[in-house]
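So you can see what is in the structure, the chains are spelled out below.
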Amino acid sequence: MTADPGDPRLSIPSPLRLAFDGEALAANWRTMDRLSGGARAGAAVKADAYGVGVDRAMPVLLGAGCRDFFVAHWSEAAEVMEHAPASSISVLLGPMNDADVQFAKQLGVRPVINSLDQARRWTEAGGGACDLMVDTGMNRLGLRVEEIGNSAVAALDVQVLMSHLACADEDSDLNARQQAAFANVAQQVPHHAASLANSAGIALGNGYHFDLTRPGLALYGGVPRGELAGEVQQVVAPEAAIVQIRRLPAGETIGYGASFTAPADMQVAIVSLGYADGFLRSWSNVGTFTAQDGAVLPVIGRVSMDLTAIDITAAPHLREGDWLRAAYDLPRAAEVSGLSQYELLTLAGARLRRG
Ligand SMILES: *Cc1c(COP(=O)(O)O)cnc(C)c1O
């Protein structure tokens, strides 16, 4: 099918979008880099840069000075490669089969070796630069510490030697135990750079920084530990256009479940944003939006699949087609929704960004 440039399907405007503050993202990366002390900061850009969008995040991160990128899947590496050299990308899942090995070898993306089997598979295919994940207590991915003396490990050309913290966002004894175990591993396995800390790990202090840190959440506006509050800026917020303005007479209810009754006559805006867009029902009667002039406007009634009602009595100048921005400070959103900041970010996914 040939696309006719005049085809209206190509230019249909969306009534919702995920507002993105590139300067805040750049500032957050520089902050994480500074807080990493003598280590340099990389960036976790898996899951489409935590829902923010690889296409939006990558140019900003590169411009800020980031040179090390971490993705989960091989397909994600392909997206990141459109922005950054293959040699700056590490694939956390590692080479599971020959197709993965060929992908890495042909394109020059580094696999993160997670097991002795993966180490052998990589070496048998000719080897070359790779990363190595050693498990120091999370028991998710990575070689066990007892395995690092194996000859399959000695055969590897390890660029980034890494481990991952299980409880960096809490004050757990496991943090210090993992730090000590990793320091020990780093003395035994030759490598170019050692890397332990995620966003929260950066806030645990110098002993956790090694050569390279791997922040994700904090780059995109999340605050995993109290020490980072005030350091991290908000990067994204859902925005939606007003699709209808209506009068809600005193005593009438609004929305499913009739959970809100107007105490007086009100002006109400219906915006095209609902839980199918990741704007969850927990915001019912709790969330707020802001108008462009800064007026703060409460959500009234239950959030439905595609629509949310907002009391705009305080902003009578608003018209259909005007845009409102949802308050989406991640620590507060996590409190209200009972979800983690990670889930809230990745939820604000494809439908919102199409806008
Ligand atoms: C996702 C991930 C990170 C980033 O973690 P944040 O908590 O988002 O900073 C770092 N390292 C690994 C191995 C990861 O999987």
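Keep in mind that this is a model prediction, so the values were computed, not measured.

Chemist: Describe the nonpolar core, with residues and values.
Modeler: With 98 residues, the main nonpolar core has Val 45, Leu 61, Phe 69, Leu 132 and Tyr 220 as its most contacted residues. When residues in this core are grouped by element, the largest group, seven residues, is from helix α3 (residues 54-64). When residues of this core are assigned to domains, at least three map to each of domain 1 (22-228) and domain 2 (237-354). Apart from the residues within four sequence positions on either side, Tyr 220 is in contact with Leu 25, Ala 44, Val 45, Ala 49, Tyr 50, Val 52, Ala 57, Leu 61, Val 235, Leu 330 and Leu 345. Ala 262, Val 268, Ile 270 and Ala 309 belong to the second-largest nonpolar core, a separate cluster that totals nine residues.

Chemist: Account for the site of the ligand, with residues named and values stated.
Modeler: Around the ligand, the structure places 14 residues, and the nearest of them are Lys 46, Tyr 50, Ser 199, Leu 217 and Tyr 342. Within the side chain of Asn 198, an N or O atom sits 3.1 Å from an oxygen atom of the ligand. Measuring from a nitrogen atom of the ligand, one finds a side-chain N or O atom of Arg 214 at 2.9 Å. Contact with the protein chains hides 94% of the accessible area of the ligand, taken as 390 Å² for the molecule alone. Of the residues assigned to the shell around the ligand, the class counts are seven nonpolar, four polar and three charged.

Chemist: Tell me about the domain arrangement of the protein chain, and name the residues and values.
Modeler: By domain assignment, the protein chain separates into domain 1 (22-228) and domain 2 (237-354). For domain 1 and domain 2, the distance between their C-alpha centres works out to 37 Å. At the junction of the two partners, domain 1 supplies 13 residues and domain 2 supplies eight residues. Regarding the contact of domain 1 and domain 2, the summed buried area is about 910 Å², with carbon and sulfur atoms giving 58% of it. A per-residue breakdown of the area domain 1 buries against domain 2 is headed by Tyr 50, Gly 51 and Leu 217, which together make up 46% of the total. Where domain 1 touches domain 2, the interface holds zero salt bridges. If you list the elements that add at least two residues to the side of domain 1 that touches domain 2, you get α2 (46-50) and α3. Of the residues forming the side of domain 1 that touches domain 2, the biggest block, three residues, is contributed by α2.

Calculation criteria
- Every chain is numbered independently, its residues counted from 1 as its sequence is written.
- Restriction of local features to residues with pLDDT of at least 70 applies here, the model being predicted, together with a cutoff of 80 or more for giving and counting side-chain atom pairs; totals for whole chains, interfaces and linings are based on all residues.
- Calculated side-chain values reflect all of the structure's heavy atoms, with hydrogen atoms and water omitted.
- Here, nonpolar core means buried Ala, Val, Leu, Ile, Met, Phe, Trp, Tyr and Cys residues that are tied together by side-chain atoms lying within 4.5 Å of each other.
- Burial status follows relative accessibility: with a 1.4 Å probe on protein chains alone, a residue under 20% of its type maximum counts as buried, one over 50% as exposed, and anything between as partly exposed.
- Secondary structure is summarised from DSSP: a helix means a run of H or I of at least four residues, a strand means a run of E of at least two, and numbering begins at the N terminus for each.
- What fixes the domain bounds is an automatic or database domain assignment.
- Between two residues, a contact is recorded if the distance between any of their heavy atoms is within 4.5 Å.
- Consider each residue's heavy atoms; a residue with any of them within 4 Å of a molecule or strand counts as near.
- Two N or O atoms count as a polar contact when they lie within 3.5 Å, although within protein this holds only if one can serve as hydrogen donor and the other as acceptor, and sequence-adjacent residues are included solely when both atoms are side-chain atoms.
- With residues, only the protein chains shown are counted as cover, and all accessible areas are computed by Shrake-Rupley using a 1.4 Å probe.
- Polar here means any residue other than Ala, Val, Leu, Ile, Met, Phe, Trp, Tyr, Cys and Pro, which are nonpolar, and Asp, Glu, Lys and Arg, which are charged; Gly is therefore polar.
- Here the quantity called buried area is the accessible surface, traced with a 1.4 Å probe, that two parts lose on coming together, added over both.
- By salt bridge we mean one thing: a side-chain nitrogen of Lys or Arg within 4 Å of a carboxyl oxygen of Asp or Glu.

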